[in-house]
Amino acid sequence: MPDKWKVMIADDESIIREGIRQCVDWDSLGMKVIAEAEDGEEALELATEQGIHIALVDLNMPIMHGMELMKRLREELPGCKIIVITGHDEFSYAQESIRLQVNDYILKPAEPKQLMQVLRGVRDELESEQQQSQHLEQASRQLLKNFPLLRERFCQEWLDGNLSQAEIREQLQFLKLPPQRPELIGIIRWRWEGQHPAMKEKERQLFLFAIENIAAELLEPYSRVIFRDAAGLIVILLWDAAGERVLAGVEAAVRSNLKIAVEVGATPIQGEITDLTAAYRSCRMALAKEQPLSPLVRRAKQYIQEHYSEYGLTLEAMAGILQASPVYLSRLFKQELGESFGAYLTQIRIRRAAGLLHSTELSINEVAEQSGYETQHYFSTAFKKHTGVSPMQFRKGVQPGDGGNRKQDNQ
């Protein structure tokens, strides 16, 4: 609240201005007359320059009429309180004044008692509005402070399937999240029971918090929400499928920084904005079925996630980088992941390509390049073999067997 409420007196008669200024105990009202004007144009300039709170306006002024001045004040200083100074013969302007939300009228010559009463009422109104504004600002600050928690609660309800499409879109807008459904859901699981059976709950929570911080730091460039589900798993919703490559690096980052092993799973989200539950369950089931991987296969899996876009990524090249025998790595890869190196790499590349086709305007050739394919022809052949439709048909929403007639809603 300001030390003094700023007052301007606008009247073309100096005797009126002097009389108003002298007959009011401004200090007792917490006010100060900081500007006087004898025409409307000067009054508007002074009011905006000084940021006045209360304007006493004579209707009949030269250059700019009092009515026009009030219109301009409403535009320039919407919170300014306006008190009309009027004579008996100017009440024809009363209706227009009411439309402009004038706070009160004072008849010339102004009576000190009435003027004090009017000004006191305006002051009380200003103080009330100021308090309300402070409460709203405080509530806004508190709301922003709790945004992460509100986002987590919303996303948990979203995953549980408890929200309608309209509720989801409303919450996304309110919580300043992208308006469409996420592209990917990831889950981080830490088998702390087997690794540290004697660990206390406080220590466990600290480690989980540290894992969340590492994931958040790595995924900082991407729109995401990170939270824990009812089972204590760390869930990540990603609105940019490009973050999958970074998500794959969480395992190594946690192992390097915290000296513990975690498992990371990721599943693309398809369908409508309400269809997160299916992807969440699928990701959880896949992670539950996944057996603990050997260090070599875990490193190979992470390397593929980080380098799938490189044309020269072969089993032999990767085995050389990991200092392993290609034959041994191939056998171990198939044994632990249930598919060959080539099949796994193709799956990663096609998934990335599908995300780019859905969420970007890149040309088919550019999508091919970013997905690790040297030529558009080779990419299109691999994509159709894997998905049943060509890249162009996929972008248009055609599903396998549709014959190009039906579209799928991915929003």
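Details of the structure are given in the entry above.
Throughout what follows, the structure given in this document is the object of discussion. Predicted model only: the values in this text are computed from it and were never measured. (Residues numbered from 1 in each chain as written. Predicted model: local features only at pLDDT ≥ 70, side-chain atom pairs only at ≥ 80, totals over all residues. Heavy atoms only, no water.)

## Examining the overall build of the protein
For clarity, the cut-off: By the criteria applied, helices consist of DSSP H or I runs no shorter than four residues and strands consist of E runs no shorter than two, each listed in order from the N terminus. Only protein chains enter the area calculation, which uses a 1.4 Å probe; residues under 20% of their type maximum are buried, those over 50% are exposed, and those in between are partly exposed. All accessible-area figures derive from a Shrake-Rupley calculation using a 1.4 Å probe, and residue coverage is judged against the displayed protein chains alone.
Helix and strand counts for the protein come out as 20 helices and nine strands. Out of the 411 residues belonging to the protein, those deemed buried represent 44%. Carbon together with sulfur atoms contributes 49% to the accessible area of the protein, which is approximately 21,700 Å² in total.

## A look at the packing of helix α7 (residues 147-160) against helix α8 (residues 165-174)
The line we're drawing: Note on geometry: axes are lines fitted to C-alpha atoms, helical ones only across the stretch in contact, with angles between N-to-C directions running from 0 to 180 degrees. Oblique is the label for any angle not under 35 degrees, not over 145, and not in the 65 to 115 range, which are roughly parallel, roughly antiparallel and roughly perpendicular in turn. Crossing handedness is read from the near helix: turned anticlockwise from the far helix by less than a right angle, it gives a left-handed crossing, and turned clockwise, a right-handed one. Two residues form a contact once any of their heavy atoms are found within 4.5 Å.
Two numbers describe how α7 lies on α8: the axes approach to 11 Å, and their chain directions differ by 160°. In terms of orientation, α7 and α8 fall into the roughly antiparallel class. By crossing handedness, the relation of α7 to α8 is classed as left-handed. Contacts between α7 and α8 involve Phe147, Phe154 and Trp158 from the first element and Ile168, Gln171, Leu172 and Phe174 from the second.

## Here we look at empty space enclosed by the protein
Under the convention used in this document: The method works on a 1 Å grid over the protein atoms by themselves. A cavity is a set of points holding a 1.4 Å probe that cannot get out, a pocket is an open set with protein on both sides within 12 Å along at least five of seven lines, and residues with an atom within 4 Å of a point line them. Grid points are joined across faces, edges and corners, and a volume is the space filled by probe spheres set on the points. Three categories are distinguished: nonpolar for Ala, Val, Leu, Ile, Met, Phe, Trp, Tyr, Cys and Pro, charged for Asp, Glu, Lys and Arg, and polar for the others, with Gly belonging to the last.
Going through the model one piece at a time under the given rule, you end up with one cavity of 30 Å³ or more. When its volume is computed, the largest cavity comes out at roughly 40 Å³. In terms of lining, the largest cavity is formed by Ala241, Ala242, Glu244, Arg245, Gln305, Tyr308, Ile348 and Arg352. Of all the secondary structure elements, the ones that give two or more residues to the lining of the largest cavity are α11 (243-248) and α17 (341-359). Of the residues belonging to the lining of the largest cavity, the class tally is four nonpolar, one polar and three charged.

## Describing a negative patch on the surface
Note the threshold: Each patch is built from residues that are more than 30% exposed by relative accessible area and take part in no salt bridge. Like charges join if they lie within 9 Å; nonpolar side chains (Val, Leu, Ile, Met, Phe, Trp, Tyr) join within 5 Å. The salt bridge definition used is simple: a Lys or Arg side-chain nitrogen within 4 Å of an Asp or Glu carboxyl oxygen. Two residue types count as positive, namely Lys and Arg, and two as negative, namely Asp and Glu; His and chain ends fall outside the count. Charge coordinates come from a single atom per side chain, which is NZ of Lys, CZ of Arg, CG of Asp or CD of Glu.
Taken together, the side chains of Asp12, Glu38, Glu41, Glu42, Glu45 and Glu49 define an acidic patch exposed on the protein surface. Along the polypeptide, Glu45 turns up in helix α3 (residues 40-50).

## A word on the pairing of strand β7 (residues 224-228)
Rule in force here: Strands pair, by our definition, only if DSSP identifies at least two bridges between them.
Bridge count for β7 against strand β8 (residues 234-238) is five bridges, and the pairing is antiparallel. From the neighbouring strand, Phe227 faces β8, where its bridge partner is Val235. Following β7, the chain reverses through five residues before pairing antiparallel with β8; Gly232 in that reversal takes a positive phi of roughly 90°.

## A few points about the packing of helix α14 (residues 295-307) against α17
In the contact formed by α14 and α17, the axes pass within 10 Å of each other and the chain directions differ by 40°. Of the possible angle classes, the one that applies to α14 and α17 is oblique. When you trace α14 past α17, the crossing you get is right-handed. Seen from α14, the contacting residues are Lys301, Ile304 and Gln305; seen from α17, they are Phe341, Tyr344, Leu345 and Ile348.

## Digging into the nonpolar core
Note the cut-off: What makes a nonpolar core is a set of buried Ala, Val, Leu, Ile, Met, Phe, Trp, Tyr and Cys residues whose side-chain atoms join them at distances within 4.5 Å.
Core analysis: the biggest nonpolar cluster contains 25 residues, and Phe154, Trp158, Leu159, Leu172, Ile185 and Leu237 have the highest contact counts within it. Those elements that place two or more of their residues in this core are α7, α8, β6 (184-189), β7, β8 and α13 (276-289).

## Comments concerning unusual backbone geometry
One non-glycine residue, Ile63, lies in the positive phi region at around 65°. Tracing the backbone through its elements, the reader meets Ile63 in the loop between β3 (54-58) and α4 (66-76). Phi is positive for Lys176, which is not a glycine, with a value near 55°. Checked against the element boundaries, Lys176 lands in the loop between α8 and β6.

## Some remarks on the sheet that holds β3
The five strands are arranged β2-β1-β3-β4-β5 in an open sheet whose pairing can be described as parallel. Among the strands making up the open sheet, the edge pair consists of β2 (31-37) and β5 (104-107). The sheet shows a mean angle of 20° between the axes of neighbouring strands, direction not considered. The sheet contact formed by strand β4 (residues 81-86) and β5 spans four bridges and is parallel.

## Overview of helix α19 (residues 376-387)
Because an α-helix packs 3.6 residues into every turn, residues spaced three or four apart end up facing the same way. Applied cut-off: In this scheme, a helix's expected span is set at 1.5 Å multiplied by one less than its residue total.
Here α19 spans 16 Å end to end across 12 residues, near enough to the 16 Å set by a 1.5 Å rise per residue. Residues of α19 that are buried in the fold lie against α17, α18 (364-370) and α20 (391-396). Gly388 sits one or two residues past α19 and shows a positive phi near 95°.

## Side note on the side chain of Arg349
The following threshold applies: Here a polar contact means two N or O atoms within 3.5 Å. Within protein one must be a hydrogen donor candidate and the other an acceptor candidate, and residues neighboring in sequence count only if both atoms are side-chain atoms.
Assignment of secondary structure puts Arg349 in helix α17. Despite its burial, Arg349 remains without a salt bridge, the nearest opposite charge being carried by Glu310 at 7.7 Å. At 2.7 Å, the side chain of Arg349 forms a polar contact with the backbone oxygen of Tyr308. Non-local contacts of Arg349, meaning those with residues more than four positions away in its chain, are made with Tyr308, Glu310, Tyr311, Leu313, Ser371, Gly372 and Tyr373.

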